[in-house]
Amino acid sequence: MASYKPTKITVYPKLGEKVTQDTVYWKNYKAPIQIKEFGAVTNINFSPVAPHNFAVTAFTRIHIYGPFSHEPVKSFTRFKDTAYCGRFRSDGQLLVAGCEDSVVRLFDVNGKVALRMYKGHTKAVHVTDFTSDSYQILTGSDDYSCRLWDIPNATELNAYQEHTDYIRCGVTSKLNTNLFITGKMETAAPPPLFYAYVLISVMTLDHGQPVESLLLYPSEGLLVSAGGRFVKVWDLLKKGQPLVSLKNHHKTVTCLCLSSNGERLLSGSLDRHVKVYNTTSYKVVHNFDYAASILSLALAPNDESIVVGMTNGILNLKHRKNAEESKEISGQQRRRPSYRVFVKGKNYFPKQDDYLVSKPVKQHLAKYDKQLKKFNVSKALDTALEAWTRLKKPEITVAVIKELDRRGTLKNALAGRDEQGLSRLLYFLIGNLFDPRFAPVLVTAAEMILDIYQSVIGQSSVVDRQLLRLQEMLEREIDYQQELLEVLGMLDTVFASSLPRKEVPCSAISKSNGLTQGEGRLQLQAT
């Protein structure tokens, strides 16, 4: 007796994401490392000097982590209230941070206590940064002012009072000491562009939403602002002309950063996504998903690590794989057999009295195949209609229906069902009948169901509602097909009329009947 052949499950093509160079590049990270902080991670900043430690600002502490350390190598905990915006200086030796108590603190990375404390703001300081000459500090506060401080003398150099709302983001130029940009939280909030030592702003840009983050390109000719659901790019060399407005997030965008080569722009949002844009076309080339809303984002030099801070206090680190780890190896690397394994028995010849003992191969069958093997067609269909199978793997259910139809027992499997069983069948048909992959098989099953159960229509309100819904969907699908055929006919007409007409050369050939003039005369004479 021949062995039972399992039901063949058709493998349908999947519409997955297109594999591009960006997909390969941004997926080349190890499994994430998660570190629990004491509060929401509001800022992450990498040191520009090797080994490129990064400062994490969360609640009342600033922790400094090494590039591959899971524990902080340095901690600053002398804040009386929530700390904000811990940033390194260009030499990596100093770190500045604001605080809810309105005091700005300057730390030596190798020390413990603050080197300087700058007092002048009256409310929380959310923005801190060093100017390009490394001797001044820019601060922005909820008291509607931004100030410049002299580091050696710990004195205030200038104060700017043009804002009318909280200042929550800012960035300084790395090429021009006298240039910095700040953004405010007011609705329809522009990020004003200031020159130091000038009491009025030289440029004002209207973002249209409260500004959450600002970023300057390395050339500093372009400015990126994030606020609301929008990421906007401005051309500063053309008086702040807007270049592009991106709306790829569905919640507030909170942070921005650039890749090491400046060719990719990253944005993090409260919708738990990090979008990667191509800075040439500004199209999304990759997407990262996280477990909670994102507040801060940073990339290490050469994109070796991507660090994300979230509202639940989790710090997520992903390190890039090295050359050996990035090789695609399917499964674990197996040890290759030795040469003697291949040549074993090469010269062996069976003798006349030898018997061949074959080892029986145990066949593992699915539940529906076990029922089909026993010719229990109704139970096989019930097994294929189980909740997980019909919802997650509808191709299995369709394959079983197709096998029953091939055997000629589909009508027997569909008949004799109660209200619950029939309702389950109709539910599956409603969800998959109009799928082009399954329609050829399910249309036959739907016709059989209507033929079998037409006499009981009207006895169950649940079944009647499903049949009416199936009828409505069928009528709608027919209307769609008719409209598509009409559009196809219109397109054929347009394409046919747009093609240039070319005359086919036909010398000495009659246009009426395709015969030469001589042949025509001969035919007339013959008649």
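Residues numbered from 1 in each chain as written. Predicted model: local features only at pLDDT ≥ 70, side-chain atom pairs only at ≥ 80, totals over all residues. Heavy atoms only, no water.

The protein is annotated in an unreviewed UniProt entry as U3 small nucleolar RNA-associated protein 15 homolog from Echeneis naucrates. Taken directly from UniProt, the Subcellular location (unreviewed entry) text for the protein runs: "Nucleus, Nucleolus". (UniProt positions renumbered as here; feature names shortened; annotations may be inferred.)

S.K.: Explain a positive patch on the surface to me, and be specific about the residues and the numbers.
M.R.: A grouping of K362, K367, K370, K374 and K379 is seen on the molecular surface, where their side chains present a positively charged patch. Tracing the backbone shows K367 in helix α3 (residues 367-373). (Patch = residues over 30% accessible without salt bridge, like charges linked within 9 Å, V, L, I, M, F, W, Y side chains within 5 Å. Areas by Shrake-Rupley, 256 points an atom, 1.4 Å probe, with all protein chains shown as cover. Salt bridge = Lys/Arg side-chain N within 4 Å of Asp/Glu carboxyl O. Lys, Arg positive; Asp, Glu negative; His and termini not counted. Charge placed at Lys NZ, Arg CZ, Asp CG, Glu CD. Helix = DSSP H or I, 4+ residues; strand = E, 2+ residues; numbered from the N terminus.)

S.K.: Describe the sheet that holds strand β27 (residues 314-319), naming the residues involved and giving the relevant values.
M.R.: Taken together, the four strands give an open sheet; going across it, the order is β1-β27-β26-β25, and neighbouring strands pair in antiparallel fashion. Edge strands, defined here as strands with exactly one partner in the open sheet, are β1 (33-36) and β25 (294-299). The sheet shows a mean angle of 20 degrees between the axes of neighbouring strands, taken without regard to direction. (Pairing = 2+ DSSP bridges. Axes fitted to C-alpha atoms, helices over the stretch in contact; angles between N-to-C directions.)

S.K.: Describe the confidence of the model for the protein, with residues and values.
M.R.: Across the protein, the average pLDDT comes to 84, with 86% of residues at or above 70. pLDDT under 50 marks residues 509-527. Its contacts with residues more than four places away, or in other chains, come to eight contacts. (pLDDT = per-residue confidence, 0-100. Contact = heavy atoms within 4.5 Å.)

S.K.: Lay out the environment of I44 in plain terms, naming residues and giving numbers.
M.R.: Mapped onto the elements of the fold, I44 is located in strand β2 (residues 41-46). Between the C-alpha atom of I44 and that of L297, which follows or precedes it by 253 residues, the distance is 6.3 Å. Excluding anything up to four places from it in sequence, I44 contacts F54, A55, S296, L297, A298, V307, V308, G309 and L315.

S.K.: Before we move on, could you go through the layout of surface pockets and cite the residues and values that matter?
M.R.: In this model, the largest pocket occupies a volume close to 1,600 Å³. Among the secondary structure elements, those contributing two or more residues to the lining of the largest pocket are β2, β6 (83-88), β10 (125-130), β14 (167-172), β17 (213-216), β21 (253-258) and β25. Here the lining of the largest pocket is built from residues that sort into 26 nonpolar, 15 polar and seven charged. (1 Å grid on protein atoms, 1.4 Å probe; cavity = no way out; pocket = protein on both sides within 12 Å on 5 of 7 lines; lining within 4 Å. Points joined across faces, edges and corners; volume = space filled by probe spheres on them. Nonpolar A, V, L, I, M, F, W, Y, C, P; charged D, E, K, R; others polar.)

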